[in-house]
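Here are the chains, one letter per residue:
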Amino acid sequence: MATIPSRYLLNHIGGEWRAPESGQTRPNINPGDLSDHLGDFAESGGADVELAVEAASAAMPAWKALGPIKRAEYLRAAERLIEERAEDFAQAITREQGKLLKEARGEVKRALAILDFTAGEGRRLKGETLPAEEPRTFSYTFRAPIGVVGLITPWNFPLAIPMWKVAPALLAGCGAVLKPSPLTPLTSALLVEAFVDAGVPAGVLNLVQGDIAAGEALVAHPRVAGISFTGSLPVGLNIHTAGAPRLMRTQLELGGKNAVLVLADADLEKAAKAAAFGAFGQSGQRCSATSRVVVDRSVKEEFLSLLIVEVGRAHSEIGPVINEARMNACLDAIKAAQEVGAKVAVGGGRAPGNGFYVEPTVLRDVPWDCEIAQEEIFGPVLSVIDCDGFDEAMRISNSVKYGMSGTIFTQDPARIFEAIDQFEAGMLHVNRPGVGAYSHLPHMGAKLSQFGPPECSPQVWDFYTEWRSACISY
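Below is a summary of the structure that appears in this document. (Residues numbered from 1 in each chain as written. Predicted model: local features only at pLDDT ≥ 70, side-chain atom pairs only at ≥ 80, totals over all residues. Heavy atoms only, no water.)

1. Notes on the environment of Leu 304
One can find Leu 304 in helix H10 (residues 300-315). Accessibility expressed as a relative area gives 3% for Leu 304, which makes it buried. Put simply, Leu 304 and Val 148 are 156 residues apart on the chain and 50 Å apart in space, counted from C-alpha to C-alpha. Ignoring sequence-local partners within four residues, the contact set of Leu 304 consists of Val 362, Arg 364 and Val 384. (Helix = DSSP H or I, 4+ residues; strand = E, 2+ residues; numbered from the N terminus. Buried < 20%, exposed > 50% of the residue type's maximum accessible area, 1.4 Å probe, protein only. Contact = heavy atoms within 4.5 Å.)

Given below as structure tokens:
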């Protein structure tokens, strides 16, 4: 395996690669090949966060003064470099996160699309002119960056999710401190280096590697104006409550328990393909992954037969889950589901290989209110739940505390629009796989899946900027 350059094992603060103040490190192991040790990466703490926030604060005034059009030029330069280095990024994602190389290359393309969209927003970061109450007075509104932001990102999309935080933070004129998951530090190091090589001034974008200590210090820092976080519900709630006493702004994406509704008139073959893709693509490790299929009893057996065929095709093209704890959580959830009456239609165990592999699993006859039908699993496990008609399907879909995405397969136009009205979810799909949204559409959820403005869209500026109004008498 290729040797990782030593600088990538470090933090990047104030324009320099530097070792953590603690001197501590954490090993990074390929979850698909446990013999592949990528290196020992920085394990940072409060002292490193302090340095990074100071650097971001010091660099921000000059960065803000450039204006969004000039800042967008740096994003364009970074886009060109990432495109040139696309294969390096894809290889890094596959080695440290475990997703298939074709999936990793797809993630790089999505990250580039996000960066391209965000750079274009440099000429659209607008306010309004408004009438004044007095004569000879000009009044208008404009946006200003909120200040230094902390960007805390997960391991499942180690390039795309940091990109959809870093790019708008920089375009808005904020100083930024990126703290990626300790499970995928290499990809973030490559990302920060691309922005540095594109000419982003020292201190504007800082990288602090590490786990809980670094994250807690970033959230607690009094000069951090906002935290954008993608991850689990418990951690998101802790971030929000920790920042509440000082009115810190938060943008939280917190998981999902997404349903695909298959009505009696659905194109079953198309629905089976979409459900398999949504459930087992990237080993089910997506906040928008399909983890439930709610299928009309009249077509359940035919649908299951088609779905099992699709799972057979997916079996040879599925990567590992991220670590041993995630693998065991998936296997434990399968066992617990069987104890309440669910049956394994296919899969159900650990798959062979020198890594953390779980067989793509379909559970049938799953009670709609049992734990596996209500809680996020984050692995290649799909629950099939029976229903009688549209109303019961929608009730089951909305029975969970999450609301990331919702999908329906039907040929009935009325049902399509009823579903769009009734889904308690942020991203809706009809007769297509229910995963995510385009790079220029809001990536968002409802209920406990989301708090604060969406990402990947013009609405993102409601997090990274705040409004100002000005009245000028002439």
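2. Re the sheet that holds strand S22 (residues 465-473)
Whether parallel or antiparallel, the strands of a sheet pair through hydrogen bonds between backbone atoms. If you trace the three strands from one edge of the open sheet to the other, you get S5-S6-S22, paired in antiparallel fashion. Edge positions in the open sheet fall to strand S5 (129-130) and S22, since each of these has one partner strand only. Note that S5 and strand S6 (residues 137-145) share two bridges and pair antiparallel. Paired with Thr 129 across the bridge in S6 is Tyr 140. (Pairing = 2+ DSSP bridges.)

3. Regarding the packing of aromatic side chains
All told, the structure shown has six aromatic pairs when counted by the stated rule. Look at Phe 463 and Tyr 464: their rings are 4.7 Å apart centre to centre, the planes differ by 85°, and that puts the pair in the edge-to-face class. Judged by relative accessible area, Tyr 464 falls into the buried class, the value being 0%. A network of ring pairs unites the aromatic residues Phe 138, Tyr 140 and Phe 142 as a single cluster. The aromatic ring of Phe 277 is capped on one face by Arg 286, whose charged end is 5.3 Å from the ring centroid. Looking at Arg 395, its charged tip hangs above the ring of Trp 368, at a distance of 4.8 Å from the centre. (Phe/Tyr/Trp six-rings, centres within 6.5 Å; stacked < 30°, edge-to-face > 60°. Lys NZ or Arg CZ within 6 Å of the ring centre and 35° of its normal.)

4. Describing the packing of helix H2 (residues 68-84) against helix H5 (residues 160-172)
At their nearest, the axes of H2 and H5 sit 8 Å apart, and the two run at 150° to each other. As judged from the angle between their axes, H2 and H5 are roughly antiparallel. Counted together, Pro 68, Arg 71, Ala 72, Leu 75 and Ile 82 of H2 and Met 163, Ala 167, Leu 170, Leu 171 and Ala 172 of H5 form the full contact between these two elements. Tallied by class, the residues present in the contact of H2 with H5 amount to nine nonpolar, no polar and one charged. (Axes fitted to C-alpha atoms, helices over the stretch in contact; angles between N-to-C directions. Parallel < 35°, antiparallel > 145°, perpendicular 65-115°, else oblique. Nonpolar A, V, L, I, M, F, W, Y, C, P; charged D, E, K, R; others polar.)

5. Topic: the nonpolar core
In terms of nonpolar packing, the biggest core is built from 60 residues, with Val 149, Met 163, Leu 170, Phe 195 and Tyr 464 touching the most fellow members. Looking at this core element by element, the count peaks at ten residues for H5. Residues contacting Val 149, with those up to four places away along its chain left out, are Ala 169, Cys 174, Gly 175, Ala 176, Val 177, Val 224, Gly 226, Phe 463 and Tyr 464. Counting residues in each nonpolar core, the second largest holds 29 residues, with Ala 259, Val 381, Met 394 and Ile 396 among its members. (Core = buried A, V, L, I, M, F, W, Y, C linked by side-chain atoms within 4.5 Å.)

6. A look at the pattern of salt bridges
Applying the stated criterion across every chain, the model contains 30 salt bridges. In this structure, Glu 466 and Arg 249 form a salt bridge, with 3.8 Å as the shortest nitrogen-oxygen distance. With Glu 466 in strand S22 and Arg 249 in strand S11 (residues 249-253), this pair connects stretches of sequence that are 217 residues apart. When the shortest N-O distance is used, the salt bridge between Lys 300 and Glu 301 registers 3.7 Å. Overlapping salt bridges bring together Lys 300, Glu 301, Lys 343, Arg 364, Asp 365 and Asp 386 as one network. (Salt bridge = Lys/Arg side-chain N within 4 Å of Asp/Glu carboxyl O.)

Nothing here speaks to function; it is all geometry.
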